[in-house]
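Summary of structural features
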Amino acid sequence: MTPRLWVEGVSAGPGGARAVLTGVSLEVRAGEVVALLGANGCGKTTLLRTLMGLLPERAGRTLLDGAPLGRGAAARAAAGVALAFQNPDDQLFGATLDEDVASGPRAQGLREVEVSARVTAALASVGLQGLGAREVEQLSFGEKKRACLAGVLALKPRVLLLDEPTAGLDPVGEREAAGLLRRVARETEAAVLVATHAVDEVPLFADRVAILGEGTLLAFGPPERAFADADLLTRARLRPPAAMELWERLGVPVLPAPLTLDAAAERLRPLLEARS
Ligand SMILES: Nc1ncnc2c1ncn2[C@@H]1O[C@H](COP(=O)(O)OP(=O)(O)OP(=O)(O)O)[C@@H](O)[C@H]1O
């Protein structure tokens, strides 16, 4: 099946600087969530901005449902690509939350009744219902991060690029966001690519994981495979999810290691019960 988003040998870099990333190839299927991991400065934001058309591809190409995407952010937005920025102040410009989230659907030329329905649904899905009249400037940082997510959800994009959407959220909010990402991908059939440092949450929301490092893509596959190579993770300045690390530190011989705390608990419980 043709993937919704197909990144083929893309090299990317900001401004006049040399390419930060070379020859990155990955794909995101419709309804799938792919987590983009890597150390600070490895090029996650650069890749997302390039896919959005805010930076030119220095080599390679990007396809949507098998057709090459046009150049530039306007062409890519019109094709259904949307990016939620890492820094909310780069994205939010409406006076109130309602106005901000409405601006995207309004620019798509939708009727006001549909715009209003999209705003209500988007704010509810990120847990900001009832705050629509609040001034954007008054929102807390975590609320601004949710507002950024609401803004792109309201666009109903075919490809959703999210730059560290959970950074700055409280721990419960971080878990809720993981569930939300999975639900959004499944329900809207969007291809979702998420740059993140939240390794413990990644197995909760990502179908596949792309690891960036050393100026390129070091691994791409399901979480249990992408996190399996300890040397590769060290080179990428990453660590596996805590549940997997615990398994390794305890030296549990039963592999594969669990990826989540729930999975670890389920596997350890019978062992502990057998001892008591
Ligand atoms: N306008 C620019 N000119 C020159 N270099 C830049 C510019 N913008 C970013 N860079 C550099 O490009 C590299 C990649 O930055 P990028 O923001 O893509 O990293 P990142 O993986 O998103 O990092 P983080 O996890 O810290 O958000 C960094 O070394 C950064 O300093």
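Residues numbered from 1 in each chain as written. Predicted model: local features only at pLDDT ≥ 70, side-chain atom pairs only at ≥ 80, totals over all residues.

Focus: the overall build of the protein chain
Counted only if it meets this: Only DSSP runs of H or I reaching four residues or more are called helices, and only runs of E reaching two or more are called strands; each is numbered from the N terminus. Atoms counted for the radius of gyration: C-alpha only. Globule rule: 2.2 Å times the number of residues to the power 0.38. Exposed residues have 12 or fewer other C-beta atoms within 10 Å of their own C-beta, buried residues have 20 or more, and residues in between are partly exposed; the C-beta atoms are placed from the backbone. It is the C-beta atoms, placed from the backbone, that decide contacts: two residues are in contact if theirs lie within 7 Å.
Check the secondary structure of the protein chain and you find 11 helices and 10 strands. A globule of 276 residues ought to have a C-alpha radius of gyration of about 19 Å, and the protein chain, at 19 Å, matches this closely. With 276 residues in all, the protein chain has 43% of them scored as buried. Considering only contacts within the protein chain whose residues lie at least 6 apart along the sequence, 64% involve residues at least 24 apart.

Looking at the nonpolar core
What counts, and what does not: Residues enter a nonpolar core if they are buried, belong to Ala, Val, Leu, Ile, Met, Phe, Trp, Tyr or Cys, and are joined to the set through C-beta atoms within 7 Å. Note that the domain bounds were set by an automatic or database domain assignment.
Ranked by internal contacts, the top residues of the largest apolar core, which has 84 residues, are L36, L161, L181 and V192. Two domains share this core, each providing at least three of its residues, namely domain 1 (5–239) and domain 2 (241–275). Dropping the residues within four chain positions of it, L181 is found in contact with V33, V192, V194 and F205.

Details of the UniProt feature "domain: ABC transporter" (unreviewed entry) in the protein chain
The condition is simple: UniProt positions are given in the numbering used here, feature names are shortened, and annotations may be inferred rather than shown by experiment.
The positions that UniProt labels "domain: ABC transporter" (unreviewed entry) are, in the present scheme, residues 5–239. The span residues 5–239 shows a helical share of 37% and a strand share of 23%, and its end C-alpha atoms are spaced 27 Å apart.

Quick look at the sheet that holds strand β1 (residues 5–12)
To summarise the sheet geometry, strands pair through backbone hydrogen bonds and adopt either a parallel or an antiparallel arrangement. Counted only if it meets this: Pairs of strands are assigned from DSSP output, requiring at least two bridges between the strands. Inter-axis angles, ranging from 0 to 180 degrees, are taken between N-to-C directions of lines fitted to C-alpha atoms, where helices are fitted over the stretch in contact.
Taken in spatial order, the four strands line up as β2-β1-β4-β5 in an open sheet, and their pairing is antiparallel. Looking at which strands have only one partner, the edges of the open sheet turn out to be β2 (21–28) and β5 (67–68). As paired elements, strand β4 (residues 59–64) and β5 share two bridges and run antiparallel to each other. Within β5, the position partnered with L64 by the bridge is A67. Along the sheet, helix α1 (residues 44–52) contacts β1, β2 and β4; its crossing angle with β1, the most-contacted strand, is approximately 120°.

Quick word on unusual backbone geometry
For D65, which is not glycine, the phi torsion reads 50° and is therefore positive. Examined against the element boundaries, D65 turns out to sit in the loop between β4 and β5. Given 16 C-beta atoms within 10 Å, D65 falls into the partly exposed group. With phi around 50°, K156 is a residue other than glycine that occupies positive phi space. Position of K156 relative to the elements: it lies in the loop between α5 (141–153) and β7 (159–163). We classify K156 as partly exposed; it has 19 C-beta atoms within 10 Å.

Examining the domain arrangement of the protein chain
Interfaces are often sized by the accessible area lost when the parts come together. Counted only if it meets this: When residue character is reported, Ala, Val, Leu, Ile, Met, Phe, Trp, Tyr, Cys and Pro are called nonpolar, Asp, Glu, Lys and Arg charged, and the others, Gly included, polar.
Each assigned domain of the protein chain is listed here: domain 1 (5–239) and domain 2 (241–275). The centre of domain 1, based on its C-alpha atoms, is set 31 Å off from the matching centre of domain 2. Tallying the contact residues gives nine residues for domain 1 and seven residues for domain 2. Contributing elements (two or more residues each) for the side of domain 1 that touches domain 2: α7 (202–205) and α8 (223–226). Among the elements that make up the side of domain 1 that touches domain 2, the one with the highest residue count is α7 (three residues). For the side of domain 1 that touches domain 2, the residue count by class is six nonpolar, no polar and three charged.

Regarding the packing of helix α10 (residues 242–250) against helix α11 (residues 261–275)
Inclusion rule: Handedness of a crossing is defined here by the sense of rotation of the near helix relative to the far one, left-handed for an anticlockwise turn of less than a right angle and right-handed for a clockwise turn.
Between α10 and α11, whose axes approach to 8 Å, the crossing angle comes to 35°. Crossing geometry of α10 relative to α11 is assigned as left-handed. From α10, A243, L246 and W247 reach across to α11, where they touch L261, A263 and A264. Residue composition of the contact of α10 with α11, grouped by class: six nonpolar, no polar and no charged.

Remarks on the site of the ligand
Stated formally: Placing a C-beta atom from the backbone of each residue, we mark the residue near a molecule or strand if the atom is within 6 Å of it.
Contacts to the ligand come from P14, G15, A17, V20, G38, N40, G41, C42, G43, K44, T45 and T46. Class assignment of the residues belonging to the shell around the ligand gives a composition of four nonpolar, seven polar and one charged.

Focus: helix α4 (residues 112–125)
What sets the pattern is the α-helix's 3.6 residues per turn: residues three or four places apart point alike. Where we set the bar: Expected helix span is computed as 1.5 Å times (number of residues minus one). What the arc covers is the set of directions going from the helix axis to the C-beta atoms.
Between the first and last C-alpha of α4 there are 20 Å, a value that for 14 residues agrees with the 20 Å anticipated at 1.5 Å per step. Turning to α4, its buried residues are V115, R118, V119, A122 and L123. Seen along its axis, α4 keeps its buried residues to an arc of 125°; they face one direction. Exposed residues pointing more than 90 degrees away from the buried face of α4 are listed as V113 and A124. Buried residues belonging to α4 abut α3 (97–107) and α5. Downstream of α4 by one or two residues, G127 has phi in the positive range, about 80°.

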